[in-house]
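# Commentary on secondary and tertiary structure
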Amino acid sequence: MSAQLRTVRTPSAEDVRAAADLIGGLLPPTPVVGADGELLLKLETCQPTGAFKVRGALNALSNLPADTPVVTASAGNAGLGVAYAAGRLGRTATIVVPGTAAAPKVAALRRLGAELVQVGTSYDEAEARALELVDETGAYYLSSYNDPLVIAGQGTIGHELDAQLSGPLTVVCGLGGGGLASGLGLWASTRADVRVVGVEAAASTAMSATVAAGHDVQVTVGETLADGLEGNLERGSVTVGLVAEHVHSMVTVTEEELRSALRHLATERGVVAEGAAAAPVAAVLAGKVPGHGTTVAVVSGRNIAMPVYASILAEG
């Protein structure tokens, strides 16, 4: 959790709509797959970086002045999104990741030509160092979740679902810092027939704890396969209020439920996913998501270390 308190504008549903117009010209829609009566999957694994966070990065960097240097902290996927967006838009960016970031994500960051800083063993340490760099250089801090342009970009998934699905929907997504859930919640606020369910790893429940307390809290974060959902929140994050207002429920999944969901995705659905991406599927399989119309799980990314993935598949 950052010791600094930044002033961040709270985005609106109109921001999400504007982002959808922009992202629609930069990225093709990702597919929704699944047969009738089956859990539907929104495959953000098909993004050019292998994860949904490229949406928020492209929206943010497209709207920031071209000469503004950018620093971000990431468990991996947000950094990949920023690095991809910077390269595509002809900008530079510094990405700070934990020293324990998944090897495929670090390798991909290096391939994309990002200025990479590795520090500590947790997202919290990476975020703290990124904010120090901002103080030292005057760069713009592009939070992977506590930023109106990033939140709006992630919410563009909802506008794609408008064109892909009809009728009452339950959209289930991973919940860490809350950027994705906030963006989807803002989109859902424009539709009376949509509910959003956020899924945390039981080892890292900063968002639900903060919403329940009604003020900033810091939780003990355990090791989790869902590294993209791991960590505490930046103080005063606008995502807390957005999740409290627009996300209909929050549930948690265990490590074994995550592992089981990864095996299910691979063997039953033919989908390679990382731990955080398996969280919404894990919650549905465990019967933790109340039914409301058609249920679609946002499978948020595929960037998992192959030795870890192979060991999980071997357990089945």
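Going by the structure above, here's the rest.
Per chain, residue numbering runs from 1 following the sequence as it is written. For this predicted model, a pLDDT threshold of at least 70 governs which residues receive local features, and a threshold of 80 or more governs which side-chain atom pairs are given and counted, while totals over whole chains, interfaces and linings are taken from all residues. Hydrogens and water molecules were not included; the side-chain quantities draw on all heavy atoms of the structure.

Let's shift gears to the overall build of the protein. Along the protein, the regular secondary structure elements total 13 helices and 10 strands. Computed over its C-alpha atoms, the radius of gyration of the protein comes to 18 Å, within 12% of the 20 Å expected for a compact globule of 316 residues. Summarising its shape, the C-alpha atoms of the protein cover approximately 55 × 45 × 40 Å along the three principal directions. A total of 316 residues make up the protein; the buried ones form 57% of that total. Sequence-distant contacts, at least 24 apart, represent 72% of the contacts inside the protein between residues at least 6 apart. Put simply, DSSP marks the helices as runs of H or I at least four residues long and the strands as runs of E at least two long, and each gets a number from the N terminus on. We take the radius of gyration over the C-alpha atoms and set the globule estimate at 2.2 Å times the residue count to the 0.38 power. Partly exposed residues are those whose accessible area sits between 20% and 50% of the maximum for their type, while under 20% is buried and over 50% is exposed, using a 1.4 Å probe and protein chains only. Contacts were defined at the residue level, with two residues in contact if any of their heavy atoms lie within 4.5 Å.

This part is about the packing of helix α7 (residues 156–164) against helix α8 (residues 179–188). Put simply, α7 and α8 touch, their axes get as near as 7 Å, and they point 45° apart. By the angle between their directions, the pair α7 and α8 is classed as oblique. Here I157, G158, H159, L161 and D162 of α7 lie close against α8, whose contacting residues are L180, L184 and W187. Looking at the contact of α7 with α8, its residues break down into 5 nonpolar, 2 polar and 1 charged. Note on geometry: axes are C-alpha line fits, over the in-contact stretch for helices, and angles between N-to-C directions span 0 to 180 degrees. Small angles under 35 degrees read as roughly parallel and large ones over 145 as roughly antiparallel, with 65 to 115 read as roughly perpendicular and the rest as oblique. Side-chain classes are defined by residue name, with Ala, Val, Leu, Ile, Met, Phe, Trp, Tyr, Cys and Pro counting as nonpolar, Asp, Glu, Lys and Arg as charged, and the others, Gly among them, as polar.

As a further point, take the state of the cysteines. Put simply, a disulfide is two cysteine sulfurs that come within 2.5 Å. Scanning the entire structure with this criterion turns up 0 disulfides. Free cysteine: C46, not disulfide-bonded; nearest cysteine sulfur from C173 at 18 Å.

For the rest of this paragraph, the subject is the packing of helix α11 (residues 255–269) against helix α12 (residues 275–285). The geometry of α11 relative to α12 is characterised by a closest axis approach of 8 Å and an angle of 95° between their N-to-C directions. Relative to α12, α11 is oriented roughly perpendicular. Facing E257, L258, A261, L262, H264 and L265 of α11, the residues of α12 in contact are G275, A278, A279, V281, A282 and L285. Class assignment of the residues belonging to the contact of α11 with α12 gives a composition of 9 nonpolar, 2 polar and 1 charged.

Attention now goes to the sheet that holds strand β3 (residues 70–73). Pairing between strands is defined by DSSP: at least two bridges between the two strands are required. The parallel open sheet is built from 4 strands, whose spatial order is β5-β4-β3-β6. Edge positions in the open sheet fall to β5 (115–119) and β6 (140–141), since each of these has one partner strand only. In this structure, β3 lies alongside strand β4 (residues 93–98), joined through 4 bridges in parallel fashion. Each bridged residue has a counterpart across the sheet, and for V70 the counterpart in β4 is A93. The sheet contacts of helix α3 (residues 77–89) involve β3 and β4, and relative to β4 the element is tilted by about 165°.

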